[in-house]
Amino acid sequence: MILTTEALVLRTLKYSESSLIATLFTRDHGKISVLAKGARRKSRPFSAAIEAMNHVRAVIYHKPQRELQLLTQCDLVGRYPAVAEDLTRMAVGMAAVEILHLATEHDEPHPEVFDLAIDLFKTLQNATQRYPNALYAYEVRLLGLLGFKPSLQQCVSCHGGLDTSGPAGRTLRLTANGVLCGNCGESSETGLLLSRASCAALASFQNVGGIASALRIVLSPEMSRELHNALQHLVQVHLTGMRQLKSEQIFSRIQS
Ligand SMILES: [Zn+2]
């Protein structure tokens, strides 16, 4: 079968002197690993298109039982060179493709996830500030699209509201499924402490219309740190099989 589909290049590996293996996240067919024969030769028309974080249109010769499919054509739809210009944007982009790679199975289509990832890269390309916000919005929405939407408006245990329950100022706790109110959180030892303000910000990221709107949300450095840790925890529990992302090394370098 010949598949023609838009795709985001998640990563590439050198396969031989002239060929590459690439993992593509395609819009219509999900994640597919392909062999790109001759892709490392400058003369091949698709050699410039197959780079991680590029948006491409791919033509794939696909056989259902085969692990590695054959890429027969690949044209560039969009490149996001600004993402490589500074470390924070680069770390956000790397995290986005790395999470997709770890969180999705081969041949399982998720068009909304594809659209979310492209939205992230387009936003990063045009953004001038608050790049980590783009990652927070991407991660919390990805959790939802893949079936792990955290409950951030009401307590996951007693289903009560978060503002009214518990002593004023008492911190909330974030568990794998969502937030515990002040009362329920007090008697729990599990989960990460999360201020009410950070919880409200996380809910805003969950509800923004597109990733570009997430860049308007203003966070204090303390809230940004809390959100980063909270989402890192949720992403590891639900999406990456507890694996730490390579992009985390870049983030820790930026923060130190
Ligand atoms: Zn509760």
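Heads up: these notes are all about the structure in this document. (Residues numbered from 1 in each chain as written. Predicted model: local features only at pLDDT ≥ 70, side-chain atom pairs only at ≥ 80, totals over all residues. Heavy atoms only, no water.)

1. Considering the overall build of the chain
The condition is simple: Strands are runs of DSSP state E lasting at least two residues, helices are runs of H or I lasting at least four, and both sets are numbered from the N terminus onward. With C-alpha atoms as the basis for the radius of gyration, the globule rule is written as 2.2 Å multiplied by the number of residues raised to the power 0.38. Type-normalised accessible area, obtained with a 1.4 Å probe on protein chains alone, sets the label of each residue: buried when under 20%, exposed when over 50%, and partly exposed for intermediate values. Per-residue and other accessible areas follow the Shrake-Rupley method at a 1.4 Å probe size, with only the shown protein chains counted as cover for residues.
Along its length, the chain carries eight helices and eight strands. Computed over C-alpha atoms, the radius of gyration of the chain comes to 20 Å, within 12% of the 18 Å expected from 2.2 N^0.38 for 256 residues, which places it in the range of a compact globule. Dimensions of the chain along its principal axes, counting C-alpha atoms only, are 65 × 40 × 30 Å. Relative to its 256 residues, the chain shows a buried fraction of 50%. Total accessible area on the chain stands at roughly 12,300 Å², and carbon and sulfur atoms take up 50% of it.

2. Some details on helix 2 (residues 111-126)
Formally: Helix span is expected to be 1.5 Å times the residue number reduced by one. Residue contacts are defined here by distance: any two heavy atoms, one from each residue, within 4.5 Å place the two residues in contact.
Helix length check: helix 2, at 16 residues, gives a terminal C-alpha distance of 23 Å against a target of 22 Å (1.5 Å per residue), a fit within 8%. Listed in full, the buried residues belonging to helix 2 are Val-113, Phe-114, Leu-116, Ala-117, Ile-118, Leu-120, Phe-121, Thr-123 and Leu-124. Taken together, the buried residues of helix 2 touch strand 1 (2-14), strand 2 (20-26), strand 4 (55-61), helix 1 (87-103), helix 3 (131-145) and helix 6 (211-214).

3. Notes on the coordination of the zinc ion
Which entries qualify depends on this criterion: Counted as donors are N, O and S atoms no farther than 2.8 Å from the metal, or 3.2 Å for Na, K and Ca; water is not among the atoms, and sites may therefore look incomplete. Sites are called tetrahedral only when four donors show all angles between 85 and 135 degrees, square planar or octahedral only when four or six donors show opposite pairs over 155 degrees and all other angles between 65 and 115, and irregular in any remaining case.
Every protein donor of the zinc ion is accounted for by Cys-155 (SG), Cys-158 (SG), Cys-181 (SG) and Cys-184 (SG), and the metal-donor separations fall at 2.3 Å. One can describe the donor arrangement at the zinc ion as tetrahedral, given that its four donor atoms subtend angles of 105 to 112° at the metal. Here the donor residues of the zinc ion share one chain and are spaced in sequence as C-x2-C-x22-C-x2-C. Residue Cys-158 is found in the loop between helix 3 and strand 6 (172-175), and its partner Cys-184 is found in helix 4 (residues 182-186); the two are separated by 26 residues along the sequence. Residue Cys-184 is classed as buried on the basis of its relative accessible area of 18%.

4. Brief notes about the environment of Gln-249
Within the secondary structure, Gln-249 is located in helix 8 (residues 247-255). The class of Gln-249 is exposed, set by a relative accessible area of 55%. Considering only alpha carbons, one finds Gln-249 and Cys-155, 94 residues apart in sequence, at a separation of 33 Å.

5. What about helix 3?
Taking 1.5 Å as the rise per residue, helix 3 with 15 residues should run 21 Å; its terminal C-alpha atoms sit 22 Å apart, in good agreement. Most of helix 3 is tucked away: 11 of the 15 residues are buried. Every buried residue belonging to helix 3 is among Tyr-131, Asn-133, Ala-134, Leu-135, Tyr-136, Ala-137, Tyr-138, Glu-139, Val-140, Leu-142 and Leu-143, and all of these are buried. Backbone geometry just after helix 3 places Gly-147 at a positive phi near 95°.

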